[in-house]
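Listed here are the chains, written in short residue letters.
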Amino acid sequence: MFGPTHYLLWARRFFGQTRFDLATSGITAPPASDLGFPSGADLDDPCGWARLREAIAAHNAVDVGEAIAALGTSHALWMAYASLLEPGDDVLVEDPTYEPLLSAAKGVGAHVVRFERTRSERFALDPERVARAMTPRTRVIAITNLHNPSGARADGDALRALAGVAASRGAFLLVDEVYAAFDSFVDTHGVFQGSARKLAPNVVTVSSLTKCYGLGTHRIGWLLGPRDVVQRAEHVVTATCGMLPLSHSYIALRAFARINDLALRSRSLLADKRVVVDAWARAQRLDWSAPAEGIFGFAIIPGAGDLTATIEAAARDHEVLVVPGSFFGVPNGFRLAWSAPREMLDEGLRRLTEVLRDAVAQLSRSEGQR
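These numbers were taken from a predicted model, which means no experiment stands behind them. (Residues numbered from 1 in each chain as written. Predicted model: local features only at pLDDT ≥ 70, side-chain atom pairs only at ≥ 80, totals over all residues. Heavy atoms only, no water.)

**Overview of the packing of aromatic side chains**
One pair of aromatic rings is described through two measures. These are the centre distance and the angle between the planes. Taken as a whole and assessed by the stated rule, the structure comprises 12 aromatic pairs. Seen from their ring centres, W10 and F327 are 5.4 Å apart, and the 50° between their planes marks the pair as tilted. A residue pair is termed long-range when its members are at least 10 positions apart, and W10 in helix α1 (residues 6–14) and F327 in the loop between β12 (323–324) and β13 (333–337) qualify at 317 residues. Neither residue differs from the other here; W10 and F327 are each classed as buried. Through a chain of ring-to-ring contacts, three or more aromatic side chains come together here, namely Y7, W10, F14, Y98, F298, F327 and F328. A cation over an aromatic ring shows up here: R335 above the ring of F296, its NZ or CZ 5.1 Å from the ring centre. (Phe/Tyr/Trp six-rings, centres within 6.5 Å; stacked < 30°, edge-to-face > 60°. Helix = DSSP H or I, 4+ residues; strand = E, 2+ residues; numbered from the N terminus. Buried < 20%, exposed > 50% of the residue type's maximum accessible area, 1.4 Å probe, protein only. Lys NZ or Arg CZ within 6 Å of the ring centre and 35° of its normal.)

Structure representation (structure tokens):
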């Protein structure tokens, strides 16, 4: 049913293998003590599943019947597609995009159609362009917000307009909002107020605590949607894994109980890093997405060709890593994140400067030989 997801296969080869990681797009993991695990904790509370659903709903300020837990955003994305699509349906996916939005849709037998988010428009959503790309078989419009890889945010008006485009054809708007909580995180009550789920009846969202809070290994994810979609998602969970582990519920509940402390930690780790990276990108004269929020941006070197080999050589020879743009459909670009500690970020940028200088010099020599 599912072919390989090339980006994730690549990430498993390189992530955690280089000293200066400018690719990882999430806050570093907190120590387990930050979640307050007591000794002898009961990890088998049979009420854990129901309590976790309630916590997810409260965190996103939606009704409990509109929420279901998942093992991270990737699992929630698959649950969403499996709940919304039948083989032969069309899925309209942004371009560029995060590869699993494509591979998961193909895995459930859907046909993928693309619409462009252009760098000349700073990767903004254009509802009219999306409407023109709709087909009679379009069942889902799928996007990321913050946009992955550019980091651009679509505001509520743009998302409502897109939901309206989808509704006009009886379709759903699916929003991967795993990065949406940057940089506001939660209010004083631990609630993320910005979920697109609340913007229109036909909006389905997937997210998790992985990227904004450093809890990727704990896979605390969820799907939000209309009650009938959530019910179908329950069937998907039952058919694929029976039920999620109770230990997962316990860990997730501890995290939600400490979400304000985790948000404070994330804010302190972000500090002024985006400003540093933005200044660096401008100094390099890159075609830079210049996101106002988040933890990553996208850089393009016009005319450079596919940078994948250059980036892999940089990981091997210079111990610095960014994500090749080929995984987002833009081979002459790369995604640059600022999750690393400040001193590692500074040294990583210095090394990346050398890599880019050599790459640009090689491009100039190639052009001179034509």
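**Here we look at unusual backbone geometry**
Look at the link from N145 to L146: it is a cis peptide, with omega at 0°. Here the residue pair F182 and D183 is connected by a cis peptide bond, since its omega of -5° sits within 30 degrees of zero. Looking at where D183 falls in the secondary structure, it is placed in the loop between β6 (172–176) and β7 (203–208). Backbone geometry places F123, a non-glycine residue, at a positive phi of 65°. On the secondary structure map, F123 appears in the loop between β4 (111–116) and α5 (127–133). The phi dihedral of A290 falls on the positive side, at around 50°, and the residue is not glycine. Summarising the element assignment, A290 is placed in the loop between β9 (287–288) and β10 (296–300).

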